Amino acid sequence: MMQFIHKYGSPRYYYQWSRGWQKWLAIITVALLAIGLYQSFFVAPPDYQQGETVRIMYIHVPAAWMSMFVYMVMAFSGIVALVWRIKVAEIVIGECAVLGASFTAMALITGMLWGKPMWGTYWVWDARLTSELVLLFLYFGVIALHGAFDDPRTGAKAAAILAIVGIINIPIIKYSVEWWNTLHQGPSVTKLDKPSMHISMLIPLLIMAIAFKTFFLSLLFMRSRAELLSREKNASWVKEIVKEMS
Amino acid sequence: MRLFYSILYRDLLLAIRRRRELANPLVFFVIVVSLFPLGVSPDKELLSQMAPGVIWVTALLATLMSMDAMFRSDYDDGSLEQLLLLPGPKVLLIGAKITAHWISIGLPLVILAPIMSLLLYFPTHAIGSLVITLLISTPILSLLGAVGVALTLSLRSGGILSSLLILPFYIPVLIFSTMAINASANQLPVSGYYALLGAFFIISALLIPFAVVAALKVSYN
Amino acid sequence: MKEFFAMGGYAFFVWTSYAIVAFLMIANVVMARMKRKKIIREMQHLAEES
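Residues numbered from 1 in each chain as written. Chains lettered and ligands numbered in written order. Predicted model: local features only at pLDDT ≥ 70, side-chain atom pairs only at ≥ 80, totals over all residues.

1. Brief notes about the overall build of chain B
Part 1: On a plain count of helices and strands, chain B comes out with 9 helices and 0 strands.
Part 2: Whereas a compact globule of 221 residues would reach a radius of gyration of roughly 17 Å, chain B reaches 18 Å, a difference of no more than 12%.
Part 3: Seen along its three principal axes, the alpha-carbon backbone of chain B occupies a region of about 55 × 35 × 30 Å.
Part 4: Relative to its 221 residues, chain B shows a buried fraction of 48%.
Part 5: A sequence separation of at least 24 residues applies to 80% of the contacts in chain B between residues at least 6 apart. (Helix = DSSP H or I, 4+ residues; strand = E, 2+ residues; numbered from the N terminus. Rg over C-alpha atoms; globule rule 2.2 N^0.38 Å. Buried ≥ 20, exposed ≤ 12 C-beta atoms within 10 Å, placed from the backbone. Contact = placed C-beta atoms within 7 Å.)

2. Here's the deal with the overall build of chain C
Part 1: In terms of helices and strands, chain C carries 2 helices and 0 strands.
Part 2: On C-alpha atoms alone, chain C measures out to a radius of gyration of 20 Å, which is more than a quarter above the 10 Å that the 2.2 N^0.38 rule sets for 50 residues.
Part 3: Along the first, second and third principal axes, the C-alpha atoms of chain C reach 65 × 15 × 10 Å.
Part 4: The buried share of chain C, taken over its 50 residues, is 16%.

3. With respect to the packing of helix H8 (residues 158–185) of chain B against helix H9 (residues 191–219) of chain B
Residue and element names in this part refer to chain B.
Part 1: Contact geometry for H8 and H9: axes closest at 9 Å, N-to-C directions at 155°. On the basis of the axis angle, H8 is roughly antiparallel to H9. Our pair here, H8 against H9, has a crossing hand that is left-handed. Residues Val173, Phe176, Ser177, Met179, Ala180 and Ala183 of H8 lie in contact with H9, whose contacting residues are Tyr193, Tyr194, Leu196, Leu197 and Phe200.
Part 2: Residue composition of the contact of H8 with H9, by class: 10 nonpolar, 1 polar and no charged. (Axes fitted to C-alpha atoms, helices over the stretch in contact; angles between N-to-C directions. Parallel < 35°, antiparallel > 145°, perpendicular 65-115°, else oblique. Left-handed = near helix turned anticlockwise from the far one by under 90°. Nonpolar A, V, L, I, M, F, W, Y, C, P; charged D, E, K, R; others polar.)

4. So, the environment of Pro52(B)
All names here are of chain B.
Part 1: The topology assignment puts proline 52 in helix H3 (residues 44–67).
Part 2: The exposure class of proline 52 is buried, given the 26 C-beta atoms found within 10 Å.
Part 3: For proline 52 and proline 123, which are 71 residues apart along the polypeptide, the C-alpha to C-alpha distance reads 8.9 Å.
Part 4: Setting aside anything within four residues of it in sequence, one finds proline 52 in contact with Leu130, Thr178, Ile181 and Asn182.

5. Looking at the interface of chain C and chain A
Part 1: Across the boundary between the two partners, chain C contributes 22 residues, which contact 30 residues of chain A.
Part 2: When grouped by side-chain class, the residues that make up the side of chain C that touches chain A number 15 nonpolar, 5 polar and 2 charged.

6. Observations concerning helix H3 (residues 57–84) of chain A
Part 1: For H3(A), which comprises 28 residues, the first-to-last C-alpha distance of 40 Å matches the rise-based estimate of 40 Å (1.5 Å per residue) to within 8%.
Part 2: In the stretch just after H3(A), Arg85(A) is the one whose phi turns positive, near 55°. (Expected span 1.5 Å × (residues − 1).)

7. Section: H3(B)
Part 1: For H3(B), which comprises 24 residues, the first-to-last C-alpha distance of 33 Å matches the rise-based estimate of 34 Å (1.5 Å per residue) to within 8%.
Part 2: Ala51(B) marks the point of greatest bend in H3(B), at about 50°, and the proline Pro52(B) comes within the next four residues. (Bend = angle between axes of the 7 residues up to and from the residue.)

8. Describing the environment of Ala81(A)
All names here are of chain A.
Part 1: On the secondary structure map, alanine 81 appears in helix H3.
Part 2: When the C-alpha atoms of alanine 81 and alanine 226 are compared, they prove to be 19 Å apart, with 145 residues separating the residues in sequence.
Part 3: With residues near it in sequence (within four places) discarded, alanine 81 still touches Ile86, Ala89, Glu90, Ile93, Ala156, Lys157 and Ala160.

9. Brief notes about the confidence of the model for chain C
Part 1: Summing up the model confidence of chain C, the mean pLDDT is 87 and the portion of residues at 70 or higher is 100%.
Part 2: Confidence metrics for the complex model read pTM 0.90 and ipTM 0.89. (pLDDT = per-residue confidence, 0-100.)

10. Quick look at the interface of chain B and chain A
Part 1: Facing the 18 residues of chain B at the interface are 20 residues of chain A.
Part 2: For the side of chain B that touches chain A, the elements supplying multiple residues, two or more each, are helix H7 (127–152), H8 and H9 of chain B.
Part 3: Of the residues forming the side of chain B that touches chain A, the biggest block, 10 residues, is contributed by H8(B).
Part 4: For the side of chain B that touches chain A, the class distribution of residues is 17 nonpolar, 1 polar and no charged.

11. Some details on the packing of helix H2 (residues 11–43) of chain A against helix H7 (residues 199–231) of chain A
Residue and element names in this part refer to chain A.
Part 1: Contact pair H2 / H7: the axes reach a minimum separation of 7 Å and the direction vectors enclose 150°. What the angle tells us is that H2 and H7 run roughly antiparallel. Crossing handedness for the pair H2 and H7: left-handed.
Part 2: When grouped by side-chain class, the residues that make up the contact of H2 with H7 number 22 nonpolar, 9 polar and 1 charged.

12. Section: the nonpolar core
Part 1: Ranked by size, the top nonpolar core spans 147 residues in total, and within it Ile93(A) and Ala215(B) carry the most contacts.
Part 2: A per-element tally of this core places helix H4 (residues 87–119) of chain A first, with 16 residues.
Part 3: Those residues within four positions of Ile93(A) in sequence are excluded, and the remaining contacts are Met74(A), Ser77(A), Gly78(A), Ala81(A), Ala156(A), Ala159(A), Ala160(A) and Ala163(A). (Core = buried A, V, L, I, M, F, W, Y, C linked by C-beta atoms within 7 Å.)

13. A few points about the environment of Phe4(C)
Residues and elements named next belong to chain C.
Part 1: Assignment of secondary structure puts phenylalanine 4 in helix H1 (residues 2–6).
Part 2: Given 11 C-beta atoms within a 10 Å radius, phenylalanine 4 is considered exposed.
Part 3: Between the alpha carbons of phenylalanine 4 and arginine 36 there is a distance of 39 Å; along the sequence they are 32 residues apart.

14. Some thoughts on unusual backbone geometry
When glycine is set aside, most residues are seen to have a negative phi, and most peptide bonds are trans.
Residue and element names in this part refer to chain B.
Part 1: Its identity is not glycine, yet tyrosine 121 carries a phi of approximately 55°, on the positive side.
Part 2: For tyrosine 121, the position within the fold is in the loop between helix H6 (90–117) and H7.
Part 3: Positive phi, normally seen in glycine, also occurs at glutamine 187, with a value near 60°.
Part 4: Along the chain, the position of glutamine 187 falls in the loop between H8 and H9.

Written out as structure tokens, the structure is:
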């Protein structure tokens, strides 16, 4: 396991093997998005209660899932960075923070635009949206902390600790917000949670969810490779690559 | 264990010498609580409903303001580095500093809050739960705050950044405490909330010092 | 066709949502590309100077 991590995490090897993955993930993303969008708009039926606004679900829910998933990737990289001091893991932390914040913003914005026709107001302090908002704050914290240090390696280590403390606190925060919400629940129950979903809606949703994942991974590779070149700029293998490109 | 007590004694001694500075967050607490009736309305019904939340949020903010005192002066004059070199488990050292911080700010808040709550027409039978929730939760606030301070110790504008980092983690403490107080105000059972807060405290007390030690290592990089 | 775009009256909400998500996704890709180009350009300058 250790050898595996050290081999695939070594900057030079990572740069090589990630290239192929990035390209293929990008292609898969485009394909899945095309299929998923077609399914979402033309195959899935309009909702019996919500009408056509249910189409928003096919991007809101994947975005929300990603906001959580990316945080977990970030915290996991944090552990790898702190325990084994893998440089690539340190870079991944920084990139995940920005990408995760993007997805959280997507979830919040689409949530608000879904909420207005449903509940009449753009914002509602329901458990889901409130949790996403707190998650956005957590991401901002990691981004701010990471960028506040002059040495990016120190910044990454600090961000790693924050991410790990965060990942332990996120379930507690979600639980407390849900509890808070049910206590203050108005007569209208949130319609974003569906008790059971028909298969014709589930399939487009899953396709879009996977598409978002591959999109994230492909972007992560793209950004981390660029950042890696910058951080390792004094290494001979980097100088070779730069020379070949000119 | 001797390490714990000697550091605790040292920090408390230092706190007593600096009591003027330490009083500032408490004065902040008093003033800000008074701002709410001025800014919102002196209406009894309204204030009475808002009181638990207002007291609690203001207590949170006052605690945040006092966080810097935990490590900064020791960091600035180099004594923290020396303390970290002492033999013995560093987590005990951290635990002692956090305990000293709580005694110097959390405990005074527990005493001040019920007095200030009278200004907000706090439901009188719920004041007991206010004291209990603050008593259990202010150590949690000190613990969580310690992580933020330790991470930003080496940064210039570390104070405000540390506050931004810690505040989201304060949210569950805030929610559970105010829910407990509201339950008590409505004569509903509260012991469940106290148990939750107590569990949160125990978990934090056990795990957080390790995170703080790791964060201090990063700051001393 | 017109019915499709009208989205049952909810056109603004549905299309704005998709537009913003699309914008954020494309912006991310574009920024990642630009970052890479900028880094490579800088390193090429450094290599030329030495």
